[in-house]
Amino acid sequence: MPRVLIVLRRPPQEAVLFELNRFCRALTAAGFDLSAVFLLGPGAALCRADAQGVQRDSLLAFARERALKLYCCGRSAARHGVDLNALQPPFEPGGYFLLLSLLQDTERLVEF
């Protein structure tokens, strides 16, 4: 099955994360290879140390279970109060070069 990259640009509100969780689980259940989730713009706020929520916890549990990387754009992190030096797995710092590399290795891109 094709490799899929997800880009989250929207603020990580519970409703958005609910849809993201549902989509990730449906993709993997259908046999797709979920390569990563890349957090851009307001989506980078998902990495904030003070971020909370049932859907956030569910997404992080899914990512840990599947060894799914959640890459946080450095520039977006700075704009949304995320300390890249304090990131804990499954979050990892990433930049546009990494995003371009991920795009080259995936067949499908889904943006939230």
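Residues numbered from 1 in each chain as written. Predicted model: local features only at pLDDT ≥ 70, side-chain atom pairs only at ≥ 80, totals over all residues. Heavy atoms only, no water.

Caption draft 1: Summary view of helix H2 (residues 54-66). The first and last C-alpha atoms of H2 sit 18 Å apart over 13 residues, in line with the 18 Å expected at 1.5 Å per residue. Buried residues in H2 make contact with helix H1 (14-29), strand S2 (33-39), strand S3 (69-73) and strand S4 (91-94). Looking one or two places after H2, you find alanine 67, whose phi comes out positive at around 55 degrees. (Helix = DSSP H or I, 4+ residues; strand = E, 2+ residues; numbered from the N terminus. Expected span 1.5 Å × (residues − 1). Contact = heavy atoms within 4.5 Å.)

Caption draft 2: Here's a closer look at the packing of H1 against H2. Relative orientation of the contacting elements H1 and H2 amounts to 25 degrees, with a least axis distance of 8 Å. In this view, H1 runs roughly parallel relative to H2, as classed from their interaxial angle. In the crossing of H1 with H2, the sense of the turn from one axis to the other is left-handed. Residue-level contacts link Glu14, Leu17, Phe18, Leu20, Asn21, Cys24, Arg25 and Thr28 of H1 to Val54, Gln55, Arg56, Ser58, Leu59, Phe62 and Arg66 of H2. Classifying every residue of the contact of H1 with H2 by side-chain character gives seven nonpolar, four polar and four charged. (Axes fitted to C-alpha atoms, helices over the stretch in contact; angles between N-to-C directions. Parallel < 35°, antiparallel > 145°, perpendicular 65-115°, else oblique. Left-handed = near helix turned anticlockwise from the far one by under 90°. Nonpolar A, V, L, I, M, F, W, Y, C, P; charged D, E, K, R; others polar.)

Caption draft 3: Molecular detail of the sheet that holds S3. Taken in spatial order, the five strands make up an open sheet running S4-S3-S2-S1-S5, and their pairing is parallel. Sheet topology places S4 and strand S5 (108-111) at the edges, where each strand pairs with a single neighbour. Each strand of the sheet is rotated relative to its neighbour by a mean of 25 degrees, with strand direction disregarded. Pairing of strand S1 (residues 3-8) with S2, which is carried by six bridges, proceeds in the parallel orientation. Opposite valine 7, over in S2, you have phenylalanine 38 as the bridge partner. (Pairing = 2+ DSSP bridges.)

Caption draft 4: The packing of aromatic side chains, seen in detail. Counting across every chain of the model gives two aromatic pairs. Ring geometry for phenylalanine 23 versus phenylalanine 112: centroids 5.7 Å apart, planes at 70 degrees, classification edge-to-face. Here the residue phenylalanine 23 occupies a position in helix H1, and phenylalanine 112 occupies one in the segment after S5, the gap between them amounting to 89 residues. Note on phenylalanine 38 and tyrosine 71: the rings are 6.4 Å apart at their centroids and 35 degrees apart in plane angle, and the pair reads as tilted. (Phe/Tyr/Trp six-rings, centres within 6.5 Å; stacked < 30°, edge-to-face > 60°.)

Caption draft 5: Layout of the nonpolar core. Grouped together as the largest cluster of nonpolar side chains are 26 residues, with contacts concentrated most on Ile6, Leu8, Leu20, Leu34 and Phe91. Looking at which element gives the most residues to this core, the answer is H1, with five residues. Excluding anything up to four places from it in sequence, phenylalanine 91 contacts Leu39, Leu46, Cys47, Arg56, Leu60 and Leu70. Residues Phe38, Cys73, Leu99 and Leu102 belong to the second largest nonpolar core, which totals nine residues. (Core = buried A, V, L, I, M, F, W, Y, C linked by side-chain atoms within 4.5 Å. Buried < 20%, exposed > 50% of the residue type's maximum accessible area, 1.4 Å probe, protein only.)

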